[in-house]
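Survey of secondary and tertiary structure
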Amino acid sequence: MSTSMHSDSSSSSNVVDLFSGKTYSTLKHERFIRLSPEYDGLCMLYSTSQTSADKFYTMKILCWGIRENGEVVGLVPWLNKVVPCDELNDTDLGLYEGYYDLATEQVFYTPPAHKIMELETASNHSDKLPNSDRILQEIPDGIGTHAMLTADDEHSLILTEVVSWRLMGDGKILAMLIDEAGVDVTPVLPGDNCLYPAKENPNFRYFFQYRIANQLKSEDPEAMAAIALLFDE
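My aim in this report is to walk through the structure given alongside it, one point at a time. (Residues numbered from 1 in each chain as written. Predicted model: local features only at pLDDT ≥ 70, side-chain atom pairs only at ≥ 80, totals over all residues. Heavy atoms only, no water.)

1. Observations concerning unusual backbone geometry
One can expect most non-glycine residues to show negative phi and most peptide bonds to be in trans. As a reminder, the rule being used: Helix and strand assignments come from DSSP, with helices taken as H or I runs of at least 4 residues and strands as E runs of at least 2, each series counted from the N terminus.
Note that the residue after Thr186, namely Pro187, is joined by a cis bond; omega there is 0 degrees. Position of Pro187 relative to the elements: it lies in the loop between strand E14 (173-178) and strand E15 (195-197). Positive phi is not limited to glycine here, since Glu105 has a value of about 60 degrees. Along the chain, Glu105 falls in the loop between strand E8 (94-101) and strand E9 (106-108).

Right, here's the structure in full:
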């Protein structure tokens, strides 16, 4: 008696990730395969439920990324990870409203054409192997991002600069911090051996851009109150 086995090629495409609600096949094609730093100061525009209907906030865009499916989107460090701008949909913490050019005061909703062209061209010649241990690219941080760490005694906070962002083969984007004990030469540059991913530090909590980081360093009352609310959640 012989038994024939048939594999259903569609079965894997029907498996759904519980956190995103998307199928694994969809998530695979949404992984980022190439990044391009934002050098012109373009921002993400967002709102919250705490502000009036005609008031918006801006956050500098870290970089633009192209997915395996060809989609290009702006990326920002948000809370404890890098997220696509158009996926911010929390009315309390932040709701995406578009992209914004500070120089011209124009609001736009699609990535700049020159960034799309750059990423499409670069992705055609880049390594796309979906290996989580493989480094596809590493770009410098150009917006003054800081990582907040809790001290070992948990009674104080430490702010440290993010040196670079590392794109891995599985599409994850890792913030790279300096291990001071491993510094051999200065300045520390992207790719140096003394860098390690923020997520590997058990004391890592959040990302902040330089303006908020400087307010925290100076113990600005409003900034400190906002941090207290984050830690209470």
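Having seen the model, we can carry on.
2. Some thoughts on the packing of aromatic side chains
What characterises a pair of aromatic rings is the spacing of the ring centres plus the angle enclosed by the ring planes. For clarity, the threshold we go by: Pairing of aromatic rings covers Phe, Tyr and Trp, the last through its six-membered ring, and needs centres within 6.5 Å; plane angles under 30 degrees mean stacked, over 60 mean edge-to-face, and all others mean tilted. Any residue under 20% of the maximum accessible area for its type is buried, any over 50% is exposed, and the rest in between are partly exposed; the area is computed with a 1.4 Å probe on protein chains only.
Going through the model one piece at a time under the given rule, you end up with 8 aromatic pairs. Ring centres of Tyr99 and Phe108 lie 5.6 Å apart, and the angle between their planes is 40 degrees; this geometry places the pair in the tilted category. Classification of Tyr99 as buried rests on a relative accessible area of 2%. According to the relative accessible area criterion, Phe108 is buried, its value standing at 19%. Taken together, the aromatic side chains of Trp64, Tyr96, Tyr99 and Phe108 make up a single cluster linked through ring pairs.

3. Section: the nonpolar core
Condition: What is meant by a nonpolar core is a set of buried Ala, Val, Leu, Ile, Met, Phe, Trp, Tyr and Cys residues, joined one to another through side-chain atoms within 4.5 Å. Contacts are residue-level and defined by heavy atoms, with any inter-residue pair within 4.5 Å sufficient.
Counting residues in hydrophobic clusters, the biggest one holds 40 residues, and the most contacted among them are Met44, Ile61, Leu75, Val76, Trp78, Tyr99 and Trp165. Ranked by residues supplied to this core, first place goes to strand E5 (residues 72-78) with 5 residues. If near-sequence neighbours (up to four positions away) are discounted, Tyr99 is found in contact with Cys43, Ile61, Trp64, Val73, Gly74, Cys85, Gln106, Val107, Phe108, Tyr109, Thr110 and Pro111. Grouped together as the second largest cluster of nonpolar side chains are 7 residues, Leu174, Met176, Cys194 and Leu195 included.

4. Considerations on the environment of Ile178
Mapped onto the secondary structure, Ile178 falls in strand E14. The class for Ile178 is partly exposed, based on a relative accessible area of 24%. The spatial distance from the C-alpha of Ile178 to the C-alpha of Cys194 is 5.9 Å, given a sequence separation of 16 residues. With sequence-adjacent residues up to four places away left out, Ile178 is seen in contact with Val163, Val183, Val188, Cys194, Leu195 and Tyr196.

5. Observations regarding the pattern of salt bridges
Worth spelling out the cut-off: One side-chain nitrogen of Lys or Arg within 4 Å of one carboxyl oxygen of Asp or Glu is enough to make a salt bridge.
Applying the stated criterion across every chain, the model contains 6 salt bridges. Across the pair Arg67 and Glu71 runs a salt bridge whose closest N-O atoms are separated by 3.0 Å. For Arg67, a relative accessible area of 5% gives the class buried. The partly exposed category is assigned to Glu71, whose relative accessible area is 32%. Within the structure, one salt-bridge network assembled from shared partners comprises Arg67, Glu71 and Glu87.

6. A few points about helix H2 (residues 113-123)
Selection criterion: What the arc describes is the spread of directions from the helix axis to the C-beta atoms.
Along H2, the positions that sit buried rather than exposed are Lys115, Leu119 and Ser123. With its buried residues spanning 55 degrees around the axis, H2 presents them on a single face. H2 presents Ala113 and Met117 as exposed residues on the side facing more than 90 degrees away from its buried surface. Tucked into the core, H2 has its buried residues touching strand E1 (32-37), strand E4 (63-67) and E5.

7. Concerning the sheet that holds strand E13 (residues 164-168)
Our working definition: A pair of strands counts as paired when DSSP detects no fewer than two bridges linking them. To define axes, lines are fitted to C-alpha atoms, for helices over the stretch in contact only, and angles between the resulting N-to-C directions are given on a 0 to 180 degree scale.
One open sheet accounts for 4 strands, arranged E10-E13-E14-E15; its pairing is antiparallel. Among the strands making up the open sheet, the edge pair consists of strand E10 (135-140) and E15. Taken over all neighbouring pairs, the strand axes of this sheet differ in orientation by 35 degrees on average, direction set aside. Summarising the sheet, E14 and E15 pair through 3 bridges and their orientation is antiparallel. In the strand pairing of E15, Ile178 is matched with Leu195.

8. As for the side chain of Ser164
Our working rule: Distance and chemistry together define a polar contact, namely a pair of N or O atoms within 3.5 Å, with one atom able to donate a hydrogen and the other to accept it when in protein, and with adjacent residues in sequence counting only for side-chain atoms on both sides.
Of note, Ser164 is situated in strand E13. A polar atom in the side chain of Ser164 sits 2.5 Å from the side chain of Glu138. Apart from residues lying up to four places away in sequence, Ser164 is in contact with Glu138, Ile139, Pro140, Asp141, Leu174, Ala175, Met176, Pro190 and Leu195.

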